[in-house]
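# Structure assessment
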Amino acid sequence: MKKKTIIIVFVSILLILNLPILNKYIAHRLDEGHFTYANLDGSYVITQDFSFKSPAFSTFGFNEFIKETSPAKENRKLYRLYKINPLCFWRWKNYLVNSIHFEYMDRKVFEWNMKKKKINSRECVTNCFIGFSLKVSE
């Protein structure tokens, strides 16, 4: 009986913490700037924002970047620059909705590619959508 109660309480906590409004608040407080995505050479970098006025994460900006700049084939794929940590249970919703669609790329590889291409991530910073930072080098 005690084991069953513990499991029910644990599952309830997981479900409550991953409810949309509460989850967004927790992510805003704990994970702001953590969820970063980039293409291979770093010419496109986007950080997911969790403020309440921000739209849901989308690859629309990346698709527009591809249409406008026509990058090389290897730079037409978006990678996540963070590891999935199953112990951070408040991130599970984001992992299941967004993270599983992108392959992981180590930040060291990303930074090495940026140095190789001589791309400065502070060049040409533009906010293309409310709540999303888009860094594009020209």
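Nothing here was measured: the structure is a model prediction, and the numbers come from that model.

## Here's the deal with the pattern of salt bridges
A full pass over the atoms with the stated rule returns 2 salt bridges. Between Glu 103 and Lys 77 there is a salt bridge, with its nearest N and O atoms 2.3 Å apart. Here Glu 103, found in strand β4 (residues 103–104), pairs with Lys 77, found in the loop between α3 (60–69) and β3 (79–80); they are 26 residues apart in sequence, far enough to count as distant. For Lys 77, a relative accessible area of 33% translates into the label partly exposed.

## Focus on the packing of aromatic side chains
Within this structure, the stated rule accounts for 8 aromatic pairs. A ring pair is formed by Phe 35 and Tyr 82, whose centres lie 4.7 Å apart and whose planes are at 90 degrees; its orientation type is edge-to-face. With Phe 35 in the loop between α2 (20–30) and β1 (36–38) and Tyr 82 in the loop between β3 and α4 (92–97), this residue pair connects regions lying 47 residues apart in the sequence. Judged by its relative accessible area of 1%, Phe 35 falls in the buried class. Here the aromatic rings of Phe 62 and Phe 65 are separated by 6.2 Å at their centres, their planes lie at 20 degrees, and the arrangement is stacked. Taken as a pair, Phe 62 and Phe 65 lie in helix α3 at a separation of 3 residues, close to a single helical turn. An aromatic cluster is present here, built from Phe 35, Tyr 37, Tyr 82, Tyr 95 and Phe 102 joined pairwise through their rings. Over the ring of Tyr 82 we find Arg 80; its NZ or CZ atom is 5.9 Å from the centre of that ring.

## Looking at the nonpolar core
Phe 35, Tyr 37, Tyr 44, Phe 62 and Leu 78 are the most contacted members of the largest nonpolar core, which totals 14 residues. Only β2 (44–47) and α3 provide two or more residues apiece to this core. In terms of residue count, the dominant contributor to this core is α3 (3 residues). Here Leu 78 is in contact with Tyr 37, Ala 38, Asn 39, Tyr 44, Thr 59, Phe 62 and Phe 102, once residues within four sequence places are set aside. Judged by nonpolar contacts, the second largest core, of 7 residues, contains Ala 38, Tyr 79, Met 105 and Met 114.

## Some details on the environment of Asn 63
Note on placement: Asn 63 falls in helix α3. What makes Asn 63 partly exposed here is its relative accessible area of 37%. Considered as a pair, Asn 63 and Arg 76 are 13 residues apart in the sequence and their alpha carbons are 8.6 Å apart.

## Quick notes on α3
All of the buried residues along α3 are Gly 61, Phe 62, Phe 65 and Ile 66. End-on, the buried residues of α3 take up no more than an arc of 145 degrees, which puts them together on one face. Pointing more than 90 degrees away from the buried face of α3 are the exposed residues Lys 67 and Glu 68.

## A look at the side chain of Asn 98
Relative to the helices and strands, Asn 98 is located in the loop between α4 and β4. The buried category is assigned to Asn 98, whose relative accessible area is 10%. Sequence-distant contacts of Asn 98, that is, excluding residues within four places in its chain, are made with Tyr 37, Gln 48 and Phe 57.

Criteria and thresholds
Residues numbered from 1 in each chain as written. Predicted model: local features only at pLDDT ≥ 70, side-chain atom pairs only at ≥ 80, totals over all residues. Heavy atoms only, no water. Salt bridge = Lys/Arg side-chain N within 4 Å of Asp/Glu carboxyl O. Helix = DSSP H or I, 4+ residues; strand = E, 2+ residues; numbered from the N terminus. Buried < 20%, exposed > 50% of the residue type's maximum accessible area, 1.4 Å probe, protein only. Phe/Tyr/Trp six-rings, centres within 6.5 Å; stacked < 30°, edge-to-face > 60°. Lys NZ or Arg CZ within 6 Å of the ring centre and 35° of its normal. Core = buried A, V, L, I, M, F, W, Y, C linked by side-chain atoms within 4.5 Å. Contact = heavy atoms within 4.5 Å. Arc of directions from axis to C-beta.

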